[in-house]
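# Coordinate inspection notes
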Amino acid sequence: MDPVRNPYAPGAGQRPPELAGREREVQQFEVVLERVARGRPERSMVLTGLRGVGKTVMLNTFRSLAIQRMWGTGKIEARPDQSIRRPVAAALHMALRELAPRHRAPERIEHVLGVLKAFAQAAPESAGKGGKGGPRWQPGIEAPAVRGRADSGDLEIDLVELFVDASSIATDLGVGVAVFIDEMQDVPPDDISALCTACHELSQVGGPLIVVGAGLPHLPAVLSASKSYSERLFRYTRIDRLARSAADHALTAPALLENVGFEPDALQALYDASDGYPYFVQAYGKVTWDLALHSPITAEDVKVAAPEAEEELAVGFFGSRFERATPAERDYMRAMAALGDDPVATTEVAASLGRRPSSLSPARDSLIKKGLIYSAERGQIAFTVPHFGDFLRRRPE
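Because the structure is a prediction, the values reported are computed rather than measured.

### Description of the environment of Leu 392
With respect to the helices and strands, Leu 392 occurs in helix 16 (residues 388–394). Using a relative accessible area of 6% as the deciding quantity, one classes Leu 392 as buried. Put simply, Leu 392 and Ala 337 are 55 residues apart on the chain and 6.5 Å apart in space, counted from C-alpha to C-alpha. Among residues more than four places away in sequence, those in contact with Leu 392 are Phe 322, Met 333, Arg 334, Ala 337 and Phe 383.

### A look at the sheet that holds strand 7 (residues 373–377)
Strand order across the open sheet formed by three strands is 6-8-7, with antiparallel pairing between neighbours. One side of each edge strand has no neighbouring strand; the edge strands of this open sheet are strand 6 (344–345) and strand 7. Pairing between strand 6 and strand 8 (residues 380–383): two bridges, direction antiparallel. Within strand 8, the position partnered with Val 344 by the bridge is Ile 381. Relative to strand 8, helix 13 (residues 327–338) is tilted by about 95 degrees, and along the sheet it contacts strand 6, strand 7 and strand 8.

### A word on helix 12 (residues 299–322)
The principal kink in helix 12, of about 40 degrees, is found at Ala 314. Listed as buried for helix 12 are Asp 301, Val 302, Ala 305, Ala 306, Ala 309, Leu 313, Ala 314, Phe 317, Phe 318, Gly 319, Arg 321 and Phe 322. Against helix 10 (264–274), helix 11 (278–291), helix 13 and helix 16 lie the buried residues of helix 12.

About the thresholds
- Residues numbered from 1 in each chain as written.
- Predicted model: local features only at pLDDT ≥ 70, side-chain atom pairs only at ≥ 80, totals over all residues.
- Heavy atoms only, no water.
- Helix = DSSP H or I, 4+ residues; strand = E, 2+ residues; numbered from the N terminus.
- Buried < 20%, exposed > 50% of the residue type's maximum accessible area, 1.4 Å probe, protein only.
- Contact = heavy atoms within 4.5 Å.
- Pairing = 2+ DSSP bridges.
- Axes fitted to C-alpha atoms, helices over the stretch in contact; angles between N-to-C directions.
- Bend = angle between axes of the 7 residues up to and from the residue.

Take a look at the structure:
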């Protein structure tokens, strides 16, 4: 098989050649776009799921749908050690640049850009050597900063004012603004509270601006801990592994364009290996294509390719994450893996290590911050990466 013609794409956030099994989510978002543009009440959206299920792909797909409808859009990736003030300012700057050429009142655009500049510059200055403040961040906006609007330094107040002003530009054009936030569970607690407040205020005034977030399965709990009304503020959508028919379609549809087919047993073997997780579907599909001799691809081709695919996953997908952990954190994860693949109680992990649960809290909390495990529910933890437990059980200590 010609590797140059290989259609499969196992990349981080990279759209697969066939976005299979996500039709319902796409239709839901199209309804949200249409309702918001028409001034109908609608909630912002949150996508949750494990690593490798395609959350970032869906986020990018949603953004493309918004752009097609002439919305203003911007995207950020949250980091636990960074306030969202500057990233959100950059995202909204991008959104306003998309809307500005179609707006008939340049002075309105300039005013909102001035508010945006003031918002960005209200960020606390970073401390330099000797405790002195660093240079003020310049967002690349030529309009003069508008004082007294979105520049109080209180992110909750400033976000509300900025979102209201930015959404007013979209209202003038009969469209909306969408801010996409990847790794949303990493937004600092005070910032997530401010974000919820801003979304709540906008929903009450009917402003056509929505936030679309993506994060790990515990993201709803993070939002709920911030604001009790977050359960009603967002439309939650869980992104999970693909059903057998969708996984088959993800493999066969792009192959058909290259006049390549699969025998039924080969598709079954690929589903058994990938377990329906989109990243794994692409990873096993790619290696199987490269090693197959001819079409149709057979179960024997999958059997030959599986060890190489697993080795690539062990180095890249699993290994890179494992290497980020300290020795104490690795011991903790190995103990989790030994207890099985389902969420496990923290007390069970402590018992298996012969330790008190409180003494393991630093390792557990650090693993959560690194995005390697998450709190499935109170007192329980699970891996954020599918099949990670199996990887650890197979890995020599």
